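Residue strings, one per chain:
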Amino acid sequence: TLKEDTSLFLHRILFAEWPVFNEASTGCRRALSSLVERHGFTPGDYIVHEEDCVDAVYFLVRGHVKILKDGDVIGILTMGDTFGEKWWPTAASGKANADVQAMTYAEIEVLSHEDLKDILVKFPDYWSMWEQKLDITYELDSRTDRHNIFEKLPEDLKIYVASERTPLYQGDQVEKTDGQEITDEELLR
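A brief structural summary. Quantities reported herein were computed from a predicted structural model and do not represent experimental measurements.

The helix and strand inventory of the protein chain stands at 8 helices and 11 strands. Counting the 189 residues in the protein chain, one finds 42% classified as buried. Carbon and sulfur atoms provide 50% of the accessible area of the protein chain, an area that totals close to 9,900 Å².

This part takes up the packing of aromatic side chains. As enumerated under the stated definition, the model contains 5 aromatic pairs in all. Geometrically, the ring pair formed by W18 and F59 is edge-to-face, given 5.6 Å between the ring centres and 80° between the ring planes. Of the two residues, W18 is situated in the loop between α2 (12–17) and α3 (19–22) and F59 in strand β3 (residues 56–62); the sequence distance between them amounts to 41 residues. Like F59, W18 is buried. The interplanar angle of 50° and the centroid separation of 6.2 Å between the aromatic rings of Y126 and W130 together place this pair among those described as tilted. Taken together, the residues Y126 and W130, both in helix α6 (residues 126–133) and 4 residues apart, mark about one turn of the helix. An identical accessibility class is assigned to Y126 and W130; each is buried. Among the aromatic residues, those joined into a ring-pair cluster are F15, W18, F21 and F59.

Let us look at the sheet that holds β3. Pairing between sheet strands relies on hydrogen bonds along the backbone, with the strands arranged either parallel or antiparallel. Pairing is mixed across the open sheet formed by 5 strands, whose spatial order is β1-β8-β3-β6-β9. What marks the edges here is a single partner per strand, and that holds for β1 (37–41) and β9 (138–139). Of the pairings in the sheet, the one linking β3 to strand β8 (residues 106–112) comprises 6 bridges and is antiparallel in character. What sits directly across from L60, in β8, is I108.

What follows covers helix α4 (residues 26–33). Where α4 is concerned, the buried positions are C28, A31, L32 and S33. Where α4 is buried, its residues meet α1 (2–10), α2, α3, β8, α5 (113–122) and α6.

As a packed pair, α5 and α6 sit with axes 8 Å apart at the nearest point and diverge in direction by 130°. As summarised for this structure, α5 and α6 are arranged oblique, according to the angle between their axes. For the pair formed by α5 and α6, the contact residues are L116, I119 and L120 on the first element and Y126, W127 and W130 on the second. Here the contact of α5 with α6 is composed, by residue class, of 6 nonpolar, no polar and no charged.

Turning our eyes to something else, we now look at the nonpolar core. Ranked by internal contacts, the top residues of the largest apolar core, which has 22 residues, are V20, F21, L32, F59, L111, Y126 and W130. Of all the elements in the fold, those that place two or more residues in this core are α2, α3, α4, β3, α5 and α6. Among residues more than four places away in sequence, those in contact with W130 are V20, V57, F59, K86, L111 and L116. Formed by 21 residues, the second largest nonpolar core is a distinct cluster that contains V65, F83, A106 and I108.

Glancing now at the environment of T6. With respect to the secondary-structure elements, T6 resides in helix α1. When the C-alpha atoms of T6 and R30 are compared, they prove to be 9.9 Å apart, with 24 residues separating the residues in sequence.

Rules behind the numbers
- Counting restarts for each chain: residues are numbered from 1 in the order of the written sequence.
- pLDDT decides what is reported in this predicted model: residues at 70 or higher carry local features, side-chain atom pairs at 80 or more are listed and counted, and totals for whole chains, interfaces and linings draw on all residues regardless.
- Hydrogens and water molecules were not included; the side-chain quantities draw on all heavy atoms of the structure.
- Under the DSSP-based scheme used, a helix requires at least four consecutive residues in state H or I and a strand at least two consecutive residues in state E, with every element numbered from the N terminus.
- Burial classes follow relative accessibility: with a 1.4 Å probe on protein chains only, a residue under 20% of its type's maximum area counts as buried, one over 50% as exposed, and anything between as partly exposed.
- The Shrake-Rupley method, run with a 1.4 Å probe, gives the accessible areas here. Residue values count only the displayed protein chains as cover.
- Only Phe, Tyr and Trp rings are paired, with Trp represented by its six-membered ring, and only when their centres lie within 6.5 Å; those with planes under 30 degrees apart are stacked, over 60 edge-to-face, the remainder tilted.
- At least two bridges found by DSSP between two strands is the condition for calling them paired.
- By definition in these notes, contact holds between two residues if any of their heavy atoms fall within 4.5 Å.
- Where helices are involved, their axes are fitted lines through C-alpha atoms of the stretch in contact, as for all axes, and angles between N-to-C directions lie from 0 to 180°.
- Oblique is the label for any angle not under 35 degrees, not over 145, and not in the 65 to 115 range, which are roughly parallel, roughly antiparallel and roughly perpendicular in turn.
- In the scheme used here, Gly and all other residues not listed as nonpolar or charged are polar, with Ala, Val, Leu, Ile, Met, Phe, Trp, Tyr, Cys and Pro taken as nonpolar and Asp, Glu, Lys and Arg as charged.
- Take the buried residues of types Ala, Val, Leu, Ile, Met, Phe, Trp, Tyr and Cys, join any two whose side-chain atoms come within 4.5 Å, and each joined set is a nonpolar core.

In structure tokens, the structure reads:
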């Protein structure tokens with residue numbers, strides 16, 4: 001239908017870049033395209049608040065977002081990253097273990113668990129692909145341990161995150177490009 005064709009066009013980046021979508025059958029992609037929602041955020045907007053019910057998977061199409069725990073930056077996600085809860089059909093949704101805030105203008109595609117359930121009823125073969133191909137960069141579910149995504153960041157982003165940290169994290173060290181370590185105090189001078 002024209003609606004599905006338009007939706008496929010609107011979500012073309014999502015369906016091209018994420019294996020969990022681009023390897024799905026054509027019929028499944030068409031059905032998914034009408035259920036995925038695109039949201040735009042401006043710098044400073046909160047996307048998820050700590051303790052919110054995590055009832056969706058978020059795909060970061062453009063921009064940067066930061067993960068905040070008790071007001072402290074614990075990680076940064078960029079284009080191509082995914083956050084939320086992977087979801088299991090027989091388990092209740094958990095609560096968010098951190099805030100997610102836009103650092104730049106960001107475009108995020110959102111697939112709710114309810115819509116995913118509808119897809120899995122219509123396309124049961126998609127379940128195995130969802131399980132195998134979905135890679136959540138940061139799992140927001142409070143029932144899971146927080147991943148320390150800070151360690152995976154490029155050096156320039158580590159320096160930025162270190163400058164955003166509060167005194168709780170003072171004393172952390174970041175390696176300079178020449179192999180020497182610098183402290184947060186040196187970064188903030």
